[in-house]
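Descriptive structure summary
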Amino acid sequence: MKDRRSSWLERFLEDAKTLTKYDVGITSERLARRLGVDPSEILKLNSNENLFIPLDFLRGLLKEVVEEVDPRFYPRDERVELEEELARRLKVHRDQIVLGSGSDQLIELLTYAFLDRGEKALSITPTFSIYERAVRTRGAHYVPVPLMEDFSLNVERMLRLAEAEEAKVLFICSPNNPTANQFRLEDVKGLIEGFDWLVVLDETYADFATYSMVDLTRECENLVVLRTFSKVFGVAGLRLGYAVSNVDVSSALRERFQMPYPVSSVTLRMGLKLLRNLDLIKEKIESLKEERAALIRRLSEMEGVQPFNSETNFVLMNLTEMSSDEAYRRLLDQGIIVRNIGRVLNLENCIRVTVAPRPMMERFLEAFRRIIGR
Ligand SMILES: Cc1ncc(COP(=O)(O)O)c(C=O)c1O
């Protein structure tokens, strides 16, 4: 009995070792302990959360939700109400929407539903790491195609490889994390039209950019668009995302593949309230865009810093006179957490910084200028 058990456990652990650990980076609490300061003094700019949305506003809505929701029951009408409100806003049919616990979970669901073990998924590099994680956890193969030097899509090469590798899923993140650019509409359309299988278009950052392709989900049967409340609504901690696709795909995902209660009633009701406060959210998007432009301008004035244009709520920059490891470490010493990206194509020392309200950006820029020595 004992032997049988240890052999399955061994096999499981061996399999697990072939997968990469997900690193969420140092937490504010841990860094605060290390520096001997209060966690509120840590400036967290590494996960593209949205600090423009006032905490008081969110807590106010949450208090209302707590009064309205009965946690003794599984989610009931909260789900339908949110789907209906989203459908109205997006001008799609309610049945086209699949809600999930963050878009991460929907990426996992899509991978599970559309890929068998040993099959292949195509994507780009660099991009969001969760696609590779989801594909490999499924026992499938991940084929990344490098972006062009100007961060655009190499459509021709992608389609050629998709055919040669018989890829069953194509992941495109647009605007892309970490390069922060939204791909040309024609290029994305070319991929959707040229690829015979499922295209997952991750529009996590589309609210900070120029266009969305949600409309196309009605006519393109192989397109699933992913969106999330984490960034634009500033509720990353509540875990709420959604997928939009044609009714056949979305209904099958919801009814056949997904577990019955993927999102809590509290989160569902909060999502509804946020959609009813879109004026404030839109105003904050505008403030964020202004701050983003100011940050890029100030960074480009610094010698040894090469910031890239952004259509997201973060800015990618390459350091030409200092390693990103060193800049990252020295910012940590100042209580500032950024994302140390390292190599992006032929750029060796990239870091990624979340755009935050003015006082936070001032603190970041002051510390950064001191570190860079300009
Ligand atoms: C491109 C991209 N997709 C998805 C996610 C995950 O979003 P969610 O919080 O909805 O799981 C992120 C989070 O940073 C992201 O950058």
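Residues numbered from 1 in each chain as written. Predicted model: local features only at pLDDT ≥ 70, side-chain atom pairs only at ≥ 80, totals over all residues. Heavy atoms only, no water.

1. Details of the overall build of the protein chain
Condition: Where helices and strands are cited, they refer to DSSP runs of H or I of at least four residues and of E of at least two residues respectively, numbered from the N terminus. Note on method: radius of gyration uses C-alpha positions; expected globular size equals 2.2 Å times residues raised to 0.38. Relative accessible area decides the class of each residue, using a 1.4 Å probe on protein chains only: under 20% of the type maximum gives buried, over 50% gives exposed, and in between gives partly exposed. It only takes one pair of heavy atoms within 4.5 Å for two residues to be counted as in contact. Using a 1.4 Å probe, accessible areas were evaluated by the Shrake-Rupley method; residue-level cover was limited to the displayed protein chains. By the counting rule applied here, Lys and Arg register as positive and Asp and Glu as negative, while His and the ends of each chain are not counted. We put the charge of a Lys on NZ, of an Arg on CZ, of an Asp on CG and of a Glu on CD.
Secondary structure summary: the protein chain contains 13 helices and 13 strands in total. Against the compact-globule benchmark of 21 Å for 374 residues, the protein chain has a radius of gyration of 21 Å, which places it among compact chains. Dimensions along the principal axes, computed over C-alpha positions, put the protein chain at roughly 60 × 55 × 55 Å. The buried share among the 374 residues of the protein chain stands at 52%. Of the contacts formed within the protein chain by residues at least 6 apart in sequence, a portion of 71% connects residues at least 24 apart. Carbon and sulfur atoms make up 48% of the accessible area of the protein chain, which amounts to about 18800 Å² in all. For the protein chain, the centre of its 54 positive side-chain charges and the centre of its 59 negative side-chain charges are spaced 4 Å apart.

2. So, the site of the ligand
Condition: Throughout, near means a residue has at least one heavy atom within 4 Å of the molecule or strand. In the analysis that follows, any N or O atom pair within 3.5 Å is treated as a polar contact, provided that within protein one partner can donate a hydrogen and the other can accept it, and provided that, for residues neighboring in sequence, both atoms belong to side chains.
Neighbouring residues of the ligand: 13 residues in total, closest Ser103, Asp202, Tyr205, Thr228 and Ser230. A distance of 2.6 Å separates an oxygen atom of the ligand from a polar side-chain atom of Tyr205. Considered on its own, the ligand offers 400 Å² of accessible surface; in the complex 92% of this is hidden by protein. With three residues, the single largest contributor to the shell around the ligand is helix H5 (residues 102-114).

3. A few points about helix H10 (residues 265-275)
With ten of eleven residues buried, H10 lies mostly within the body of the structure. For H10, every residue scored as buried is listed here: Ser265, Thr267, Leu268, Arg269, Met270, Gly271, Leu272, Lys273, Leu274 and Leu275. Taken together, the buried residues of H10 touch helix H3 (55-68), helix H4 (77-90), strand S2 (97-100) and helix H11 (278-300).

4. A look at the packing of aromatic side chains
Put simply, the test is: Centre distance within 6.5 Å is the pairing criterion for rings of Phe, Tyr and Trp, where only the six-membered ring of Trp is used; planes under 30 degrees apart are then read as stacked, over 60 as edge-to-face, and the remainder as tilted. Working rule: Lys NZ or Arg CZ, within 6 Å of ring centre, within 35 degrees of ring normal, means a charge sits over the ring.
Using the criterion set out here, one finds nine aromatic pairs in the structure. Between Phe364 and Phe368 the ring centres are 5.1 Å apart and the planes differ by 15°, which places this aromatic pair in the stacked class. Here Phe364 and its partner Phe368 are both found in helix H13 (residues 358-372), four residues apart, which amounts to about one turn of the helix. With a relative accessible area of 0%, Phe364 lands in the buried category. Classification of Phe368 by relative accessible area gives buried; the value is 0%. Here a set of aromatic residues connected by ring pairs shows up, and it is made of Phe128, Tyr131 and Phe171. Taking NZ or CZ as reference, Arg76 lies 4.1 Å from the ring centre of Phe73, over its face. Cation over ring: Arg352 sits above Phe314, and NZ or CZ is 5.5 Å from the ring centre.

5. Here's the deal with H4
Rule in force here: Every helix has an expected span of 1.5 Å times one less than the residues it contains.
With 14 residues, H4 extends 20 Å between its outermost C-alpha atoms, agreeing within 8% with the 20 Å of an ideal straight helix rising 1.5 Å per residue. Listed as buried for H4 are Glu78, Arg79, Leu82, Glu83, Glu85, Leu86, Ala87 and Leu90. Looking at the buried positions of H4, the neighbouring elements they touch are S2, strand S8 (241-244), helix H9 (247-257) and H10. Once H4 ends, the next one or two residues include Lys91, with phi positive near 60°.

6. As for the domain arrangement of the protein chain
For clarity, the threshold we go by: Annotation comment: domain bounds sourced from an automatic or database domain assignment. Buried area adds together the accessible area that both of two parts lose upon being put together, with accessible area traced by a 1.4 Å probe. One speaks of a salt bridge when a side-chain nitrogen belonging to Lys or Arg is within 4 Å of a carboxyl oxygen belonging to Asp or Glu.
Under the domain assignment used here, the protein chain contains domain 1 (21-50 + 279-372) and domain 2 (70-276). A separation of 26 Å is found between the C-alpha centroids of domain 1 and domain 2. Across the contact, 25 residues belong to domain 1 and 28 residues belong to domain 2. Of the roughly 2100 Å² buried between domain 1 and domain 2 on both sides combined, carbon and sulfur atoms contribute 62%. The largest share of the area that domain 1 buries against domain 2 comes from Tyr22, Glu311 and Leu345, three residues that together contribute 31% of it. Counting across the domain 1 and domain 2 interface gives zero salt bridges. Our enumeration of links across domain 1 and domain 2 arrives at eight residue pairs in polar contact (both at pLDDT 80 or more). Elements that contribute at least two residues to the side of domain 1 that touches domain 2 include exactly H11, strand S10 (314-319), strand S12 (339-344) and strand S13 (347-354).

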